Number of protein chains: 2
Amino acid sequence: MMDENGILFVLSGPSGVGKGTVRKKLFERADDLAYSISMTTRERRAGEQDGVDYFYKTHEQFEKLIADNELLEHARFVNNYYGTPRKYVEDTLAAGKDIFLEIEVQGAMQVKENFPKGVFIFLFPPSLEELKDRIMSRATESPDAVLKRLKEARSEIEMMDAYDYVVVNDDVERAVTKIQSIIQSEHCRRERIAKQYKKLLEDG
Amino acid sequence: MMDENGILFVLSGPSGVGKGTVRKKLFERADDLAYSISMTTRERRAGEQDGVDYFYKTHEQFEKLIADNELLEHARFVNNYYGTPRKYVEDTLAAGKDIFLEIEVQGAMQVKENFPKGVFIFLFPPSLEELKDRIMSRATESPDAVLKRLKEARSEIEMMDAYDYVVVNDDVERAVTKIQSIIQSEHCRRERIAKQYKKLLEDG
């Protein structure tokens, strides 16, 4: 009914909690949500498209983007950079479309610093036991490495305080339904829309 | 999954906006929501039950409840008092059940003062034109009285700033769906549940 900006939603949580599965299911259900396309310096693989799978950049270009504060977050894995371009996010939001980011806890904290207006959702494991099982079933690593990852997960959970919402991932369908409720209700938050409604009143 | 308190939701908005219709439809859909039973000094009518339709009180009892701050809000119409009992609301919330209040703007502001933890939802007319039509179609009053009510509605809309959410009542089904989203997402708000989740972590 009125020209409203989109909202940036950030889904994060400890490793092993199932962020990717929840994000995929959400995108199956919600067709009015834009997925944030990442930037990377890694080489384009066969079948991948620039601007669809990733925005591909050289190391030099990427480091200039970092220096110019053009990334909402970035990280380096195995000699390659990955990051979230600020301009793509801002343009999509300005076009009235919501953006959804699924991202590690460290990256989410960078986004929060650069874009505090975002809505931050923390995916919580149904129990520590289950998180342990999930991490162990994935890990091809030594018991020591598993313990280290579990300790990391614990300290990631401590970061929950920086988030707006906590959704427990006891059931993927249920978690996705809750996230969809959060998306819809955030569009009703008074501080986002009161100005436009008051304008309506003046025009009326 | 854990012993969480219920949440008090307050639906309000200008007269003529359709609060009652929205509330009825919501209760048809949501069976896990308690309706706040009002207290009144008016006489019990045939078929009405104490503790179901109203809690019936004498004038003396009611005025003592006001003096003891036992009402979240109250008002007087045609020599009778009507109000929302604090104890009933608090007991229901402590039992883990949400309470839903549908109420005039003045009363909602009293509730907010007495119970700031509540979630306040403002029902907004689709347009001022439509609000005018609705008020006029109801009124058996003079044109002057209609104008006065419309002026009141305008100043009630100005009170929107005290609310957490704004839901436009352009379509009853859509408005109810939005309110259900707000109810679900408020149960995911980090500040409500982080303490319980952290406890889980210590136990785990």
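Residues numbered from 1 in each chain as written. Chains lettered and ligands numbered in written order. Predicted model: local features only at pLDDT ≥ 70, side-chain atom pairs only at ≥ 80, totals over all residues. Heavy atoms only, no water.

Visitor: Which residues make up the sheet that holds strand β7 (residues 98-102) of chain B, and what values go with them?
Guide: Residue and element names in this part refer to chain B. Ordered in space as β2-β7-β1-β8-β9, the 5 strands form an open sheet in which the pairing is parallel. The open sheet has two edge strands, β2 (33-35) and β9 (165-168), and neither has a second partner. Adjacent strand axes in the sheet meet at a mean angle of 30°, parallel and antiparallel pairs treated alike. Bridge count for strand β1 (residues 8-12) against strand β8 (residues 119-124) is 4 bridges, and the pairing is parallel. Among the inter-strand pairings, leucine 11 is bridged to a residue of β8, identified as isoleucine 121. Along the sheet face, helix α1 (residues 19-29) touches β1, β2, β7 and β8 and points at about 155° away from the line of β7. (Pairing = 2+ DSSP bridges. Helix = DSSP H or I, 4+ residues; strand = E, 2+ residues; numbered from the N terminus. Axes fitted to C-alpha atoms, helices over the stretch in contact; angles between N-to-C directions. Contact = heavy atoms within 4.5 Å.)

Visitor: I'd like a rundown of the interface of chain B and chain A, residues and numbers included.
Guide: Each partner contributes to the interface: chain B provides 33 residues, whereas chain A provides 33 residues. Across the chain B/chain A interface, buried area totals approximately 3,200 Å², and carbon plus sulfur atoms make up 61% of it. At the junction of chain B with chain A, the criterion picks out 2 salt bridges. Ionic pairing is found between arginine 189 of chain B and glutamate 186 of chain A, a salt bridge with its closest N-O pair at 3.9 Å. In this assembly, chain B and chain A are joined by 13 residue pairs in polar contact (both at pLDDT 80 or more). (Buried area = accessible area lost by both parts, 1.4 Å probe. Salt bridge = Lys/Arg side-chain N within 4 Å of Asp/Glu carboxyl O. Polar contact = N/O pair within 3.5 Å; in protein donor to acceptor, adjacent residues only side chain to side chain.)

Visitor: So what's going on with the state of the cysteines? Residues and values would help.
Guide: Between two cysteines, a covalent bond joining their sulfur atoms is known as a disulfide. Overall, the coordinates contain 0 disulfides over all chains when judged by the stated rule. The thiol of cysteine 188 of chain A is unpaired, and the distance to the nearest cysteine sulfur, on cysteine 188 of chain B, comes to 15 Å. By relative accessible area, cysteine 188 of chain B is classed as buried at 3%. (Disulfide = S-S within 2.5 Å. Buried < 20%, exposed > 50% of the residue type's maximum accessible area, 1.4 Å probe, protein only.)

Visitor: I'd like to hear about the relation of the copies chain B and chain A, residue by residue, with values.
Guide: Expressed as a screw transformation, the operator carrying chain B onto chain A has a rotation angle of 180° and an axial translation of 0.0 Å, and the superposed copies differ by an RMSD of 0.1 Å. The transformation just described matches what one would write down for a two-fold rotation axis. Closest approach to the rotation axis among the C-alpha atoms of chain B is made by serine 181 of chain B, whose C-alpha sits 2.2 Å away. (Least-squares fit on C-alpha atoms with pLDDT ≥ 70 in both.)

Visitor: How would you sum up the packing of aromatic side chains? Please name residues and give values.
Guide: All names here are of chain A. Inspection of every chain in the model, using the stated rule, returns 20 aromatic pairs over all chains. Relative to phenylalanine 100, the ring of phenylalanine 27 lies with its centre 5.9 Å away and its plane at 75°, an arrangement referred to as edge-to-face. On the criterion of sequence distance, the pair formed by phenylalanine 27 in helix α1 (residues 19-29) and phenylalanine 100 in strand β7 (residues 98-102) is long-range, its members being 73 residues apart. Look at phenylalanine 27 and you get partly exposed, because its relative accessible area is 23%. Its relative accessible area of 0% is what places phenylalanine 100 among the buried residues. By the ring-pair criterion, three or more aromatic residues cluster together here, those being Tyr54, Tyr56, Phe77 and Tyr82. Sitting over the ring of tyrosine 81, arginine 76 keeps its end group 4.7 Å from the ring centre. (Phe/Tyr/Trp six-rings, centres within 6.5 Å; stacked < 30°, edge-to-face > 60°. Lys NZ or Arg CZ within 6 Å of the ring centre and 35° of its normal.)

Remember that the coordinates give geometry; whether it matters functionally is a separate question.
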